[in-house]
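# Structural characterization, general
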Amino acid sequence: MRRLVLTALAAATLAGPAFAANEAPATVAPKFEAVPQDAVLSYNLIGLNVTDAQNNTVGEIKDLAINHDKLVGYIVSVGGFLGMGEHYVAVSPSSIAIGYDADAKKWKAVIGASKDQLKAAPEFKYDGKFKR
């Protein structure tokens, strides 16, 4: 009986922090925003080809990195074919010029780097808490 009580106590003690870690974050009343006409929505960015100054495709925006409600990077895939052999790099938002080409009716992303320079950049890996 004593062993059963000690086991139950140990289980309850170990389970305590797990419940606290899984609690929902505190919420606040919503603040609504007007979206400016020159804003860019995430669906316009994900999958967008990135070109160099000579209009050569050097990569594709695959993801957005957001920290404390602020965009801190674009995850760009470089190289590969049909998802095989892709190399990901995290690029500062200030490094990529994003704009809407009204004549072509599409979004454009231009970076001042070649495909080789992006391939040589430090790799971003989808592991740990970023694992897909």
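All of these numbers come straight from a predicted model, not from anything done at the bench. (Residues numbered from 1 in each chain as written. Predicted model: local features only at pLDDT ≥ 70, side-chain atom pairs only at ≥ 80, totals over all residues. Heavy atoms only, no water.)

### A word on the nonpolar core
Formed by 16 residues in total, the largest nonpolar core has its most connected members in Val50, Val76, Ile96, Ile111 and Leu118. Of all the secondary-structure elements, those providing two or more residues to this core are strand E2 (57–67), strand E3 (70–78), strand E4 (87–91) and strand E6 (106–111). Each residue touching valine 76, except ones within four places of it in the same chain, is listed here: Val50, Gly59, Glu60, Ile61, His87, Tyr88, Val89, Val91 and Ile96. (Core = buried A, V, L, I, M, F, W, Y, C linked by side-chain atoms within 4.5 Å. Buried < 20%, exposed > 50% of the residue type's maximum accessible area, 1.4 Å probe, protein only. Helix = DSSP H or I, 4+ residues; strand = E, 2+ residues; numbered from the N terminus. Contact = heavy atoms within 4.5 Å.)

### Some details on the environment of alanine 65
With respect to the helices and strands, alanine 65 occurs in strand E2. Separated by ten residues in the primary sequence, alanine 65 and isoleucine 75 place their C-alpha atoms 7.0 Å from one another. Setting aside anything within four residues of it in sequence, one finds alanine 65 in contact with Lys70, Leu71, Val72 and Gly73.

### Considering unusual backbone geometry
In this structure, asparagine 55 is a non-glycine residue whose phi angle is positive, near 70 degrees. Of note in this structure, histidine 68 is not a glycine but carries a positive phi near 50 degrees.

As far as function goes, none of this settles anything; it's purely spatial.
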